[in-house]
Amino acid sequence: MTTLLPHLRRIAVRLSLWMLLAPPLHAQQGDTAPDLRLIGDIGAGVNAAPTAASAQSNGVKPIPYLNFDYGPVFARIDTFGVKLAPVGAGSVELLTRVLSDGYTPRNAAAGTAHRADSLPLGVGTLQVTPVGALMANFYHDLGKSKGNLIDLMYAAELPLGALTLYPQVGIEHRSAAYVRYYNGDDSANSLYRAGASNNTFAAVFVEMHLSGPWYANINVRRTWLGKTIQNSPRVQRTTLDTSLVSLSYRFN
């Protein structure tokens, strides 16, 4: 439970910010009051998200599972935000992400090379079309790296009875500053020079209806690391695999 509390605190702080921002921003879009019903899933899960660099932790930890809309405020597992204005088949959104990208290097001297979790803040859009969903997000890390992240993703929906599959493909761009902080080598004699990296990924999210409002969810993702990250002395892999298993209750 103690490992779950930091996630809950970080999510609560960010959701509180969106709740404060949402009413005035949404009110500018029209005179009708927003529908403040909770629609979506709330539960708990276990997330396995190792870092690309060799770290002391394997990245496995319990997390809250939040995937819902509450008026203009939304949560999408690790992404939280508020819808600012409608555009196309979706909206322009103010966003943040809760990423567990901080770590302590496995061979680091005690306390000298710890990398703190990022604090990304940005804008983006999710366009839900008849042929699938398209997502494009831009973030600036307000944390230690001061770098930028760009995510582009396409997701389809494949209903299979009690199962629904959501295959996903995309690419994430990490700026040189972001790569330098998380994957750079700070030893005095290192010849490695960090640069921007484009990492492609493929994933599948599986939703299983159990009974009544209860659902089980599984998400697996493989990321192919860009050459800039692969070449870092801190990194000893070419791909990165992450997964999530959760149980949730659906509100309608």
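Residues numbered from 1 in each chain as written. Predicted model: local features only at pLDDT ≥ 70, side-chain atom pairs only at ≥ 80, totals over all residues. Heavy atoms only, no water.

A. Highlighting the overall build of the protein. Looking only at helices and strands, the protein features 3 helices and 13 strands. Of the roughly 13,100 Å² of accessible surface on the protein, 63% is carried by carbon and sulfur atoms. (Helix = DSSP H or I, 4+ residues; strand = E, 2+ residues; numbered from the N terminus. Areas by Shrake-Rupley, 256 points an atom, 1.4 Å probe, with all protein chains shown as cover.)

B. Up close: the nonpolar core. Counting 19 residues, the largest nonpolar core has L225, I229 and V235 as its most contacted members. The element that contributes the greatest number of residues to this core is helix α2 (residues 176-183), accounting for 4 residues. Here L225 is in contact with A52, N199, Q230, V235, R237, T238, T239 and L240, once residues within four sequence places are set aside. In terms of nonpolar packing, the next biggest core, distinct from the first, is built from 5 residues, L66, A75, F80 and V98 among them. (Core = buried A, V, L, I, M, F, W, Y, C linked by side-chain atoms within 4.5 Å. Buried < 20%, exposed > 50% of the residue type's maximum accessible area, 1.4 Å probe, protein only. Contact = heavy atoms within 4.5 Å.)

C. Structural view of the pattern of salt bridges. Scanning all chains against the criterion turns up 9 salt bridges. A salt bridge links R174 to E172; the shortest N-O distance between them is 3.2 Å. Several salt bridges share partner residues, and in doing so they unite D41, E207 and R250 into one network. (Salt bridge = Lys/Arg side-chain N within 4 Å of Asp/Glu carboxyl O.)

D. Quick peek at the confidence of the model for the protein. Residues with a pLDDT of 70 or more make up 84% of the protein, whose mean pLDDT is 88. Under a pLDDT of 50 for its full length, residues 23-30 has, in the predicted model, 8 contacts with residues more than four places off or in other chains. (pLDDT = per-residue confidence, 0-100.)

E. Representation of the packing of aromatic side chains within the structure. The full count for this structure, using the stated rule, is 5 aromatic pairs. Note on Y178 and Y182: the rings are 4.7 Å apart at their centroids and 40 degrees apart in plane angle, and the pair reads as tilted. Taken together, the residues Y178 and Y182, both in helix α2 and 4 residues apart, mark about one turn of the helix. Of the residues examined, Y178 reaches a relative accessible area of 0% and is grouped as buried. For Y182, a relative accessible area of 3% puts it in the buried group. Ring centres of W214 and Y249 lie 5.2 Å apart, and the angle between their planes is 80 degrees; this geometry places the pair in the edge-to-face category. Here Y249 lies in strand β13 (residues 239-251) and W214 lies in strand β12 (residues 214-224), a separation of 35 residues in the sequence. Owing to a relative accessible area of 41%, W214 belongs among the partly exposed residues under this scheme. (Phe/Tyr/Trp six-rings, centres within 6.5 Å; stacked < 30°, edge-to-face > 60°.)

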